[in-house]
Amino acid sequence: MDPNAPNPADVPAPDNGAADSLAPRVWYQEAFEFAPDGQMVTDGLGLIREANHTAAALLRCSKEFLAGKPLGLFVAAGYRPRFYECLSRLYRGVASESFETRLARAGEEPREVVVSAHVLEGGPGTDPRGTRVFRWLVRDVTARKRAEAARTELLQRLVTVQEEERRRVARELHDSVGQLLTALRLAVRAARDSAPLPPPTTERMADIERVTDELGRAVHDLAVRLRPTALDDLGLHLALAQHLADWSARTGVEVDYQPAGIEAVRLPADVETAVYRVVQEALTNVARHARARRVSVTVGRHDDHATAAVEDDGVGFDPDAAPKAGRLGLIGMRERVTLAGGALDVESSPGGGTTVIARFPLRGGGGDR
Amino acid sequence: MSKLRVFLADDHPVVRAGLKSLIDAQPDMAVVGEAGDGAETVRGVLELRPDVAVVDVSMPRVGGAEATERIRRDCPAVKVLALTAYEDKAYAQLLLRAGASGYVLKRTAAEDLVRAVRTVADGGTYIDPGVAGQFVSVLARPSAAGAAVAAVDLSEREAEVLRLIAQGHAIKKIAASLDVSVRTVETYKARAQEKLALKSRADIVRYAIQRGWLRGG
């Protein structure tokens, strides 16, 4: 025996339990436990096998309590079908799924979460469900959702306030400025009629009358463009018909207006306003960019939805090309439609014309007013 | 010569004064009474029985349309001439249906009022030229492909796509709900339109109304 060989008792054990490889493992363990998202592992039946600290905290349970429980238990009632559908799809071989749902917590508000699930072990086919392994990542998005809801509410209020302001200013223009112009015009007429005037004066009077007339027209057009009284007094159908007639006369573009189901019955005020503004803006875009000869405007109420489509036969554009914010005003229109609870679609192709379609669900409002 | 007896109703005193001097300046007309709101108007007209009542349609309390109805009901011999700032033809139609014999815009009253008063006093109807010519190109389009409707064979898919388009669905959404590509939907749409000679969405909606595909709201 070699006296210099080390004593076997003094040699450290082989690497798979050595102290210096313990540090990275502890680090990974901690990273798993306190990951920002909840992480859980279940079997193919959805029974929880492992859960990290974040998941337990999210569910307000201890890890011991979670072990062996069905994950579906913690999904809020009403959202369970989607969860079980996901479980089923993972079992049938879909590699991963992602969906939004709500988790229920004892005695507390449910949390809005985004769940991402994937298969860790076992393939589709005959493996019994108990042997499959699925991993679940759960991200708490409650705060984000609340912020989004608050933002939407604020924007809706902004739109409402904006429309009310426009309504007020338009009425002022009619009732105050318009009236004074009428009075002015009548006074000039009275002056003209009161006595025979020398020709130069007559001409000056005619000038004054002309300018006053133009002023009257300008004020009226401004008021209508801001917010037509017909939209409140007479409803969407008649207000639109008037607007389309004016626009057609102004631009020389032929307009084919076909209403369906909105002639006799009013829609909720915010939907009528949104539809009016969408058509107004779509037509502004047509006048600015489309070089169209004909425009078809269809506005209808079908079952529980109101829809509006503005279709032109102009130059069209490529909707996939990066939209320049100011150019077509589509972003503003889309936001407007969304705030009223609707959806906007734009169909277009270069040389193929453009169709703007807005669709709004009706919450059982409207009816005769 | 007996002058035409005119009653003026407008809630803006300066405007009313201007209208009064306009009417009084005519040798064959005289203002016999004035009012600043709808209720006063009805009272004044019933009491004074003018030949023509010029009524501002946007007065407070009882509005112009209601005042017109009441006057026509209680003293039908009085002709009502509606005066308004609203150039929307729909307002004019509303008032004519309420019984007014004419509709004059405030904007052009200085020029047109006298002529309008004479016209309605004679039993005629006066529609302000600024209002009359509207809607010609826009409302009540005769349906184009009416006759051809029954004779054409649309495939089931073509009819389905056409119906969904008439109901206001976007092509992308139709494709998703029928589980086909956008291209496919566009093809069905194009084929159906060609078979039926429908050029625009408006044509499609009219066709759908004729086929009874659209329940009336």
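Quantities reported herein were computed from a predicted structural model and do not represent experimental measurements.

What counts, and at which threshold
Residues numbered from 1 in each chain as written. Chains lettered and ligands numbered in written order. Predicted model: local features only at pLDDT ≥ 70, side-chain atom pairs only at ≥ 80, totals over all residues. Heavy atoms only, no water. Pairing = 2+ DSSP bridges. Helix = DSSP H or I, 4+ residues; strand = E, 2+ residues; numbered from the N terminus. 1 Å grid on protein atoms, 1.4 Å probe; cavity = no way out; pocket = protein on both sides within 12 Å on 5 of 7 lines; lining within 4 Å. Points joined across faces, edges and corners; volume = space filled by probe spheres on them. Nonpolar A, V, L, I, M, F, W, Y, C, P; charged D, E, K, R; others polar. Contact = heavy atoms within 4.5 Å. Buried area = accessible area lost by both parts, 1.4 Å probe. Salt bridge = Lys/Arg side-chain N within 4 Å of Asp/Glu carboxyl O. Polar contact = N/O pair within 3.5 Å; in protein donor to acceptor, adjacent residues only side chain to side chain. Axes fitted to C-alpha atoms, helices over the stretch in contact; angles between N-to-C directions. Buried < 20%, exposed > 50% of the residue type's maximum accessible area, 1.4 Å probe, protein only. Arc of directions from axis to C-beta. Phe/Tyr/Trp six-rings, centres within 6.5 Å; stacked < 30°, edge-to-face > 60°. Lys NZ or Arg CZ within 6 Å of the ring centre and 35° of its normal. Parallel < 35°, antiparallel > 145°, perpendicular 65-115°, else oblique.

Visitor: Now, about the pairing of strand S5 (residues 133–140) of chain A: what can you tell me, with residues and values included?
Guide: Residue and element names in this part refer to chain A. Relative to S5, strand S1 (residues 38–43) is paired through six bridges, and the arrangement is antiparallel. Across the sheet, the residue bridging to Asp 43 is Val 133, located in S5. Of the pairings in the sheet, the one linking strand S4 (residues 108–121) to S5 comprises eight bridges and is antiparallel in character. Opposite Val 113, over in S5, you have Asp 140 as the bridge partner.

Visitor: Explain empty space enclosed by the protein to me, and be specific about the residues and the numbers.
Guide: Under the counting rule described, the total for this entry stands at four cavities of 30 Å³ or more. Here the largest cavity defines a volume of roughly 210 Å³. What lines the largest cavity is a set of 18 residues, and nearest its centre among them are Gly 178, Thr 182 and Gly 216 of chain A together with Lys 106 and Arg 107 of chain B. When contributions to the lining of the largest cavity are tallied by element, the ones reaching two or more residues are helix H5 (142–194) and helix H6 (199–226) of chain A. Element by element, the count of residues in the lining of the largest cavity is highest for H5 of chain A, at seven residues. Here the lining of the largest cavity is composed, by residue class, of five nonpolar, eight polar and five charged.

Visitor: Could you give an account of the interface of chain A and chain B, with specific residues and numbers?
Guide: Often, the extent of an interface is quoted as the loss of accessible area upon association of its parts. At the interface, 50 residues of chain A touch 48 residues of chain B. Around 4100 Å² of area is buried between chain A and chain B when both sides are counted, 55% of it from carbon and sulfur atoms. Considering only the side of chain A, the residues that lose the most area to chain B are Gln 179, Leu 186 and Gln 242 of chain A, jointly responsible for 14% of the buried surface there. Along the contact surface separating chain A from chain B lie seven salt bridges. The salt bridge involving Glu 111 of chain B is made with Arg 185 of chain A; its shortest N-O contact spans 2.8 Å. Summed over the shared surface of chain A and chain B, the result is 16 residue pairs in polar contact (both at pLDDT 80 or more). Element by element, the count of residues in the side of chain A that touches chain B is highest for H5 of chain A, at 12 residues. For the side of chain A that touches chain B, the class distribution of residues is 17 nonpolar, 16 polar and 17 charged.

Visitor: A description of the sheet that holds strand S7 (residues 294–302) of chain A should follow, citing residues and the corresponding values.
Guide: If you trace the five strands from one edge of the open sheet to the other, you get S6-S7-S8-S10-S9 (chain A), paired in mixed fashion. In this open sheet, the two strands that pair with only one neighbour each are strand S6 (254–260) and strand S9 (343–348) of chain A. Strand-to-strand twist of the sheet, defined as the mean angle between neighbouring strand axes without regard to direction, takes the value 10°. Bridge analysis of strand S8 (residues 305–312) of chain A against strand S10 (residues 354–361) of chain A gives eight bridges, and the strand direction is antiparallel. Across the sheet, Asp 312 of chain A pairs through a bridge with Thr 354 of chain A, a residue of S10 of chain A. On top of the sheet, helix H9 (residues 269–290) of chain A reaches S7, S8 and S10 of chain A; it is set at about 10° to S8 of chain A, its chief contact. Lying over the sheet, helix H10 (residues 201–211) of chain B contacts S6, S7, S8, S9 and S10 of chain A, oriented at roughly 30° with respect to S6 of chain A.

Visitor: Please provide a residue-by-residue account of helix H8 (residues 171–178) of chain B, values included.
Guide: Along H8 of chain B, the residues classified as buried are Ile 171, Ile 174, Ala 175 and Leu 178 of chain B. Seen end-on, H8 of chain B carries its buried residues on one side only, within an arc spanning 100°. Seen from the open side of H8 of chain B, the exposed residues pointing more than 90 degrees away from its buried face are Lys 172, Ala 176 and Ser 177 of chain B. As for H8 of chain B, its buried residues are in contact with S9 of chain A together with helix H7 (156–166) and helix H9 (182–196) of chain B. Just past H8 of chain B, the residue Asp 179 of chain B takes up positive phi, approximately 60°.

Visitor: Just give me the short version of the packing of aromatic side chains, but keep the residues and values in it.
Guide: If you walk through the whole model with that rule in mind, you get five aromatic pairs over all chains. Ring centres of Trp 27 of chain A and Tyr 28 of chain A lie 5.4 Å apart, and the angle between their planes is 75°; on these two criteria the pair is classed as edge-to-face. Neither residue differs from the other here; Trp 27 of chain A and Tyr 28 of chain A are each classed as exposed. Ring centres of Tyr 207 of chain B and Trp 213 of chain B lie 5.5 Å apart, and the angle between their planes is 80°; this geometry places the pair in the edge-to-face category. In this pair, the class of Tyr 207 of chain B matches that of Trp 213 of chain B, namely buried. Among the aromatic side chains, those forming a connected cluster through ring pairs are Phe 83, Tyr 84 and Trp 136 of chain A. Over the aromatic face of Phe 65 of chain A sits the side chain of Lys 69 of chain A, whose NZ or CZ is 4.2 Å from the ring centroid.

Visitor: Help me get a handle on the pattern of salt bridges, residues and values and all.
Guide: Residues and elements named next belong to chain A. Counted by the stated rule, this structure contains 52 salt bridges over all chains. Between Asp 207 and Arg 210 there is a salt bridge whose closest N-O contact spans 2.4 Å. Placement of the pair is Asp 207 and Arg 210 together in helix H6, with a separation of three residues, close to one helical turn. If you follow the salt bridges from partner to partner, you end up with Glu 163, Arg 166, Arg 167, Arg 227, Asp 232, Arg 277 and Arg 336 in one network.

Visitor: Hey, could you go over the packing of H7 of chain B against H10 of chain B for me, with residue numbers and the actual values?
Guide: Residues and elements named next belong to chain B. Two numbers describe how H7 lies on H10: the axes approach to 9 Å, and their chain directions differ by 105°. Looking at the two axes, H7 sits roughly perpendicular to H10. When H7 is examined against H10, the residues Leu 162, Ile 165 and Ala 166 are found in contact with a partner set consisting of Arg 201, Ile 204, Val 205, Tyr 207 and Ala 208. Taken together, the residues that form the contact of H7 with H10 break down as seven nonpolar, no polar and one charged.

Visitor: Account for the sheet that holds S5 of chain A, with residues named and values stated.
Guide: Residue and element names in this part refer to chain A. Here five strands make up an open sheet; going across it, the order is S2-S1-S5-S4-S3 and the pairing antiparallel. Taken across any chain shown, the strands that pair with only one partner, and hence form the sheet edges, are strand S2 (48–51) and strand S3 (96–105). Pairwise comparison of adjacent strand axes, ignoring direction, gives a mean angle of 30° for this sheet. Bridging between S3 and S4 involves nine bridges; their strand directions are antiparallel. Paired with Glu 100 across the two strands is Val 114, which belongs to S4. The strands touched by helix H4 (residues 80–92) are S3, S4 and S5; relative to S3, the strand with the most contacts, the crossing angle is about 145°. Helix-sheet contacts for H5 involve S3, S4 and S5, and the interaxial angle to S4 is about 125°.

Visitor: Give me the environment of Arg 5 of chain B: which residues, what numbers.
Guide: All names here are of chain B. By the element assignment, Arg 5 lies in strand S1 (residues 4–9). Residue Arg 5 is classed as partly exposed on the basis of its relative accessible area of 31%. Residues Arg 5 and Gly 63 lie 58 residues apart in sequence; the distance between their C-alpha atoms is 22 Å. Setting aside chain neighbours within four positions, we find Arg 5 in contact with Ala 30, Val 32, Leu 48, Arg 49, Pro 50, Asp 51 and Val 52. A polar contact of 3.1 Å, which involves the side chain of Arg 5, links it to the backbone oxygen of Leu 48.

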